[in-house]
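Okay, here's what each chain looks like letter by letter:
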Amino acid sequence: MKKFLTTLLFVLFALTTWAQNRSALDILKSDPRRAYGTDYPYQLQTRPLTKAPGGYKAFYISHYARHGSRYYWTDRLYRDLDRQLTSAHENQMLTAEGEQFYTKFMACKDELMTGVSELTQLGWEQHQGIARSMYNNFPEVFKKGGNVMAISSLSGRCVISMSAFCQELVQCNPKIEIREQSSRFTLDGVVPTDRQNPVKHDFPKSKPRFEANRDQFKYDDTLPQRVISRVLLPADSLPKDMRRLGINLIDLYKTLPSIGHEGMMGNILSDNELVEGWEHSNLGSYTWVFEPRYDMIPILEDFIKKADAVLNGSSDHIADLRFGHDTCLGPLTVLMGINGADLDPESPFEVKNCYQNWETCKASNIQLIFYRGKKGKDDILVKCLLNGEEATLPVPTTLYPYYKWSDFRSFYTARCDSVKQLNKE
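Throughout what follows, the structure given in this document is the object of discussion. Quick caveat: nothing in here was measured; it's all calculated off a predicted structure.

### Structural notes on unusual backbone geometry
Residue P401 follows Y400 across a cis peptide bond; omega there is 10 degrees. Inspection of the secondary structure assignment puts P401 in the loop between β7 (389-390) and β8 (402-404). One non-glycine residue, A363, lies in positive phi territory at about 70 degrees. Considering the arrangement of structural elements, one finds A363 in the loop between α13 (326-336) and β5 (365-372).

### Focus on the packing of helix α11 (residues 278-290) against α13
Relative orientation of the contacting elements α11 and α13 amounts to 85 degrees, with a least axis distance of 8 Å. The angle between α11 and α13 places the two elements in the roughly perpendicular class. Two secondary-structure elements touch here, α11 through W288, V289 and F290 and α13 through D326, T327, G330, P331 and V334. Its residues assigned to classes, the contact of α11 with α13 shows 5 nonpolar, 2 polar and 1 charged.

### With respect to the nonpolar core
One finds F142 and L252 to be the most contacted residues of the largest nonpolar core, which totals 73 residues. In terms of residues, this core owes the most to one element, helix α9 (residues 245-259), which gives 7 residues. Among the nonpolar cores identified, the runner-up in size contains 41 residues, and V310, F370, F408 and C416 belong to it.

### A word on the pattern of salt bridges
Counted under the stated rule, the structure contains 27 salt bridges. One salt bridge in this structure joins D302 and R322, with 2.9 Å as the shortest N-O distance. Taken as a pair, D302 in helix α12 (residues 297-311) and R322 in strand β4 (residues 317-324) lie far apart in primary sequence, 20 residues in all. A relative accessible area of 6% means that D302 is categorised as buried. Members of the salt-bridge network, linked through shared partners, are D220, R226, R230 and E273.

### Details of α13
With 10 of 11 residues buried, α13 lies mostly within the body of the structure. Within α13, burial applies to D326, C328, L329, G330, P331, L332, T333, V334, L335 and M336. Two residues or fewer after α13 comes G337, characterised by a positive phi angle close to 65 degrees.

### Describing the packing of aromatic side chains
Tallied over the entire structure, the rule returns 18 aromatic pairs. With a centroid separation of 6.4 Å and 35 degrees between ring planes, the pair formed by F210 and Y286 is classed as tilted. With F210 in the loop between β3 (176-182) and α8 (223-231) and Y286 in helix α11, this residue pair connects regions lying 76 residues apart in the sequence. With a relative accessible area of 0%, F210 lands in the buried category. Using a relative accessible area of 0% as the deciding quantity, one classes Y286 as buried. Geometrically, the ring pair formed by F217 and F349 is tilted, given 5.3 Å between the ring centres and 40 degrees between the ring planes.

### Brief notes about the side chain of T86
Tracing the backbone shows T86 in helix α3 (residues 76-90). The class of T86 is buried, set by a relative accessible area of 18%. Of note is the side chain of T86, whose polar atom sits 2.7 Å from the backbone oxygen of D82. Leave out the neighbours within four places in its chain, and T86 touches L81, Y102 and M106.

The rules behind these values
- Residues numbered from 1 in each chain as written.
- Predicted model: local features only at pLDDT ≥ 70, side-chain atom pairs only at ≥ 80, totals over all residues.
- Heavy atoms only, no water.
- Helix = DSSP H or I, 4+ residues; strand = E, 2+ residues; numbered from the N terminus.
- Axes fitted to C-alpha atoms, helices over the stretch in contact; angles between N-to-C directions.
- Parallel < 35°, antiparallel > 145°, perpendicular 65-115°, else oblique.
- Contact = heavy atoms within 4.5 Å.
- Nonpolar A, V, L, I, M, F, W, Y, C, P; charged D, E, K, R; others polar.
- Core = buried A, V, L, I, M, F, W, Y, C linked by side-chain atoms within 4.5 Å.
- Buried < 20%, exposed > 50% of the residue type's maximum accessible area, 1.4 Å probe, protein only.
- Salt bridge = Lys/Arg side-chain N within 4 Å of Asp/Glu carboxyl O.
- Phe/Tyr/Trp six-rings, centres within 6.5 Å; stacked < 30°, edge-to-face > 60°.
- Polar contact = N/O pair within 3.5 Å; in protein donor to acceptor, adjacent residues only side chain to side chain.

Put into structure tokens, the structure is as follows:
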């Protein structure tokens, strides 16, 4: 009977997750910029949270965040567009709208090239807002002050994101003491795949099951060519160097809100056109976050280890903060099965129901909130927030969105150990 009830709970939570995300396309239509996927700039919104069970109060938070909005991660995009647009301009190949965009692009080219990969003002503000929201949502954790540990990847945009977040927490309450660290010593807990990580891992990789049926998904792939036609005059043949122009323009367009240049491209591209191709792009994103999910085991184990230290009294931290990248947060979401991200459907048409790439947006974050009851023997409870919203986990519970820490710990320890054992065989 106990085994049956446990299985039933798993099924119910899987069904709940699918039902919650059933309206992914409706959500997308209500905010078309979500079609930017991982380039979507974080939207700070106040969400109502479920009140904790009677007598329980939050006392500790463990967190992982992606850096905030930034310029494009490599100068390749800006260099390619500079070369392509300049060539088209000099050869009188640009349309009137193409010429207008060329003028605007050249006016900000130096800024773009200088800012490559760096955090923008919006990125700073995103982490300020998330920190203040965390403080306001869980004042009982922070009101007396206390010690916080924050670690970051070695990347400047992550270090500055960490600084923005931590400064805001201290602004909320100067009694909070924060130790910030960006170091090879802590890479295993924030970016275990970094080449400079002294701890080396070799976890197995696997593709999601839908890949075997990907050809069932048909989509209109003409958008890059349509974009080109709005920038370039008709020609018998397109020079080889221009063939990626459409893709480059799409990549640039999705970054514009993050760098303060929204609207620069005029009518060359629209949010609604990106919506049309979002489901296909989401498939690629799911494969991208699914394959390296086990590489994030050290981060999940860091969550568990640091929580254990707080609970056994060897750590006095009121919060542990981590600042990294989408290449970690996305796969970590799958590893933990947040909102069903680990369901691994066979049909490409079902992928959107378990994972939406806008959830791995700029400044996306996972928060684990720990609760203690009035009585010392009460179970420790934990709640998971994904981008500020209560999220489901594949852990049995009768208290959703709250989970017993003992169940959480056992479930994820077993998941990590099973992968490690598989790696040894």
